[in-house]
Structures are given as C-alpha cells and as structure tokens.
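Chains, contacts and geometry: an overview
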Protein chains: 2
Amino acid sequence: MREKVDLAAKLAGFEEAFRPRIVGYYNDDKIQVAKVKGEFVWHSHPDTDDLFLVLSGSLTIELRAENVQLGPGDLYVVPRGVEHRPRSDDGAEILLIEPAGTPNTGDSGAEPTPEVEI
Amino acid sequence: MREKVDLAAKLAGFEEAFRPRIVGYYNDDKIQVAKVKGEFVWHSHPDTDDLFLVLSGSLTIELRAENVQLGPGDLYVVPRGVEHRPRSDDGAEILLIEPAGTPNTGDSGAEPTPEVEI
C-alpha cells in the first residue's frame, strides 16, 4: 500500500530553497514540496500548467503583466507557456505539481534541479 | 489572468458533505474542494489515481485491506482501481484532484455529484 505523506514532516527534512523534493506521484505527475526564499529564474513550461499551493509563509508569483500574492491555503495554476518567477522575501513552503520529468527551470536555459524523491 | 484560489474561502461557501466543488483546473484535471462528514460509498476509479489532501479535520480513507488516517497537511494518493471509501466522523475539509469528468462515485453505480464550479 502507498504511504500517506505528511507534508510538514517532509519539509522539515531539508533547508535549500528552489530544490523541490518529490513526495509522491499522481498519474503521470510528480507531487513535490519546495521551499522558496529569494527569487527564482524567469521561465515557462511550454507543455504544462504548473500548480502551486502555499503551505506556509508568503509567496509572490511574478508574471510579466502583474504579480500574484499568495499566503497559506492559496492555490494558483500558472498556465502553460506563461512566463513566471516565484519569489519570497520572508520564505515560503509550497506544494508543487507538474508532470514527472518537467524541469523546474522550464525553458530558461538554467540548469534544472535533479528530480529527488524523499 | 487566472485568479488565485483561496481554498478556505471557497470551503466557507457551502455546507454539503460529499459534494465536491471545482475551484480550478490543472491541465486535464479538475481541482476540487470538498467536505466530508459521515461515510461515502465504496468505489474505485479504474482509469485514474485520486489525490486527497486534508486541509482541516480528520479523514479516514478506508481501503479493503486497512484504513489510512489523515489529518491536516497529510496527502494520500489512492491508486487507480483500488476500492476506497472516504469517511469522517467529526468532519474534514479536503482538496481533491482527479481528471475532469471523473465521477466522484467511481464505478459504484451510485449517482455521481454533478460537476459544479465555484
């Protein structure tokens, strides 16, 4: 049987920002937790939406047209192909769902974080 | 631009248990919130996994072999084809992700809840 996933316990196991960890799978998607602190690179995912759910802290998703401000319990789906840059000045913990194999740096040209299961 | 989704605010808008509301979409999936109180019908989804995240309260996912006990911040993916019955004696609020069009009653023969967006 699959195990339940305690998201807070998984997040307590690492510190690095912008290094998502895979905590499970849903169909062809990877379910990840991540910490955000500072700002990531501008990128988009040409082939998939990107699901963000804030678990703690405060997250800004910068879009080219405007910023989306998210707190705990706020969910946002970045549509496929839309450039975005996650940022948090004070830190945030998030749940992130994307298809397995999706590079976290999208089409930016930056080196993606290897996919790591915890 | 898509709007952010405040899950607690969406859940405050209705009372009925086992009547999921669609709050957004991620690729071909519907993102839903639902209230659980009492027990649902035994069912499975032959073609898809079923993602549960508990937002508040206490949720039991009964499986034929054992029960999975979930509290706030616990996530569980019921594998495709696995019979399950969600239950909560004291009530729970959950996030639920399944492909759009998936009947919430699965293969049970029970009438599914119509898909409603809020």
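Our structure is the block above this text.
Now for a quick tour of the structure. Along each chain, numbering runs from 1 in the same order as the chain's sequence is written. Think of it this way: whatever chain is written first is A, whatever ligand is written first is 1, and the rest follow in order. With pLDDT at 70 or above as the cut-off, local features in this predicted model cover only qualifying residues; side-chain atom pairs require 80 or more to be listed or tallied, and sums for whole chains, interfaces and linings still use all residues. Excluded from the side-chain calculations are hydrogens and water; all other atoms, namely the structure's heavy atoms, are used.

1. Some thoughts on the overall build of chain A
Worth spelling out the cut-off: Here a strand is any run of E in DSSP of at least two residues, a helix any run of H or I of at least four, and the numbering for each starts at the N terminus. Just to be clear, the radius of gyration here is over C-alpha atoms, and the globule rule we use is 2.2 Å times residues to the power 0.38. Buried means the residue's accessible area, taken with a 1.4 Å probe over protein chains only, is under 20% of the maximum for its type, while exposed means over 50%, and partly exposed covers the values in between. Note on contacts: a residue pair qualifies if any of its non-hydrogen atoms lie within 4.5 Å across the two residues. The Shrake-Rupley method, run with a 1.4 Å probe sphere, supplies the accessible areas, and residue values consider only the shown protein chains as cover. Residues scored as positive are Lys and Arg, those scored as negative are Asp and Glu, and His as well as the terminal groups of each chain are ignored. Taken as the charge centre is NZ of Lys, CZ of Arg, CG of Asp or CD of Glu, depending on the residue.
For chain A, the count of helices and strands is one helix and eight strands. Helices (α) and strands (β) of chain A occur, in sequence order from the N terminus, as β-α-β-β-β-β-β-β-β. Taken against the 2.2 N^0.38 rule, which gives 13 Å for 118 residues, the C-alpha radius of gyration of chain A at 13 Å falls within 12% of a compact globule. Principal axes of the C-alpha set define a box for chain A whose edges measure 45 × 30 × 25 Å. Across the 118 residues in chain A, those meeting the buried criterion constitute 51%. Partitioning the contacts of chain A with sequence separation of at least 6, the portion at a separation of at least 24 is 64%. Element-wise, carbon and sulfur atoms account for 47% of the exposed surface of chain A, whose accessible area totals about 5200 Å². Positive and negative side-chain charges in chain A, numbering 12 and 22 respectively, have mean positions lying 3 Å apart.

2. What to know about the interface of chain B and chain A
Worth spelling out the cut-off: Accessible-area loss on putting two parts together, using a 1.4 Å probe and summing over both, is the definition of buried area adopted here. Whenever Lys or Arg places a side-chain nitrogen within 4 Å of a carboxyl oxygen from Asp or Glu, that contact is recorded as a salt bridge. In protein, a polar contact requires one atom able to donate a hydrogen and another able to accept it; more generally it is a pair of N or O atoms within 3.5 Å, and residues adjacent in sequence count only if both atoms are side-chain atoms. Any residue that is not Ala, Val, Leu, Ile, Met, Phe, Trp, Tyr, Cys, Pro, Asp, Glu, Lys or Arg is counted as polar, Gly included; the first ten are nonpolar and the last four charged. In this scheme, strands are said to pair when DSSP sees at least two bridges between them.
Contacts between chain B and chain A engage 33 residues on the former and 33 residues on the latter. Between chain B and chain A, roughly 2700 Å² of surface is buried when both sides are summed, and carbon and sulfur atoms account for 59% of that area. When the area that chain B buries against chain A is broken down by residue, the three leading residues are Arg2, Tyr26 and Leu75 of chain B, summing to 24%. In this assembly, chain B and chain A are joined by four salt bridges. For Lys4 of chain A, the salt bridge is made with Asp74 of chain B, and the minimal N-O distance between the two is 3.4 Å. Here chain B and chain A share 18 residue pairs in polar contact (both at pLDDT 80 or more) between them. Counting residues per element, the ones that place at least two in the side of chain B that touches chain A are β1 (5-6), β2 (21-26), β3 (29-39), β4 (50-57), β6 (67-70), β7 (74-78) and β8 (84-99) of chain B. Here the side of chain B that touches chain A is composed, by residue class, of 18 nonpolar, four polar and eleven charged. As judged from the two bridges shared by strand β1 (residues 5-6) of chain A and β7 of chain B, these two strands associate in the antiparallel manner. Paired with Asp6 of chain A across the two strands is Asp74 of chain B, which belongs to β7 of chain B.

3. Comments concerning unusual backbone geometry
All names here are of chain B. Non-glycine residue Phe18 carries a positive phi angle of around 60°. With respect to the helices and strands, Phe18 occurs in the loop between α1 (7-11) and β2. At Asn27, a position not held by glycine, the phi torsion is positive, near 50°. By the element assignment, Asn27 lies in the loop between β2 and β3.

4. Considerations on the pattern of salt bridges
By the definition in use, this model includes 23 salt bridges over all chains. Where Asp49 of chain B meets Arg80 of chain B, a salt bridge forms, and the shortest distance between an N and an O atom there is 4.0 Å. Here Arg80 of chain B lies in the loop between β7 and β8 and Asp49 of chain B lies in the loop between β3 and β4, a separation of 31 residues in the sequence. What makes Asp49 of chain B buried here is its relative accessible area of 6%. Residue Arg87 of chain B pairs with Glu62 of chain B through a salt bridge whose shortest N-O separation is 3.4 Å. Of this pair, Arg87 of chain B sits in strand β8 while Glu62 of chain B sits in strand β5 (residues 59-63), placing them 25 residues apart in sequence. Within the structure, one salt-bridge network assembled from shared partners comprises Glu39, Glu62, Arg85, Arg87 and Asp89 of chain A.

5. Some details on the relation of the copies chain B and chain A
The test is simple: To superpose the copies, least squares is applied to the C-alpha atoms of every residue with a pLDDT of at least 70 in both.
Screw-axis analysis of chain B against chain A gives a translation of 0.0 Å along the axis, an RMSD of 0.0 Å, and a rotation angle of 180°. The two molecules are tied by a two-fold rotation axis, judged by turn and shift. Taking C-alpha positions as the reference, the residue of chain B nearest the rotation axis is Leu55 of chain B, at 5.0 Å. Both copies contact each other with a shared surface, as 100% of the interface residues of chain B are interface residues in chain A too.

6. A few points about the packing of aromatic side chains
Short version of the rule: In summary, the pairing rule links any two rings of Phe, Tyr or Trp, Trp by its six-membered ring, whose centres are within 6.5 Å, and it sorts them by plane angle into stacked for under 30 degrees, edge-to-face for over 60 and tilted for everything else. Look at NZ for Lys and CZ for Arg. If either is within 6 Å of the ring centre and within 35 degrees of the ring normal, a charge sits over the ring.
This structure, assessed with the given rule, holds two aromatic pairs over all chains. Seen from their ring centres, Phe18 of chain A and Phe40 of chain A are 4.9 Å apart, and the 25° between their planes marks the pair as stacked. With a gap of 22 residues between them, Phe18 of chain A in the loop between α1 (7-11) and β2 (21-26) and Phe40 of chain A in the loop between β3 (29-39) and β4 (50-57) connect regions that are remote in the sequence. An identical accessibility class is assigned to Phe18 of chain A and Phe40 of chain A; each is buried. For Lys35 of chain A, the ring lying beneath its charged end belongs to Phe14 of chain A, and the centroid distance is 5.6 Å. Against the face of Phe14 of chain B rests Arg21 of chain B, its NZ or CZ located 4.2 Å from the ring centre.

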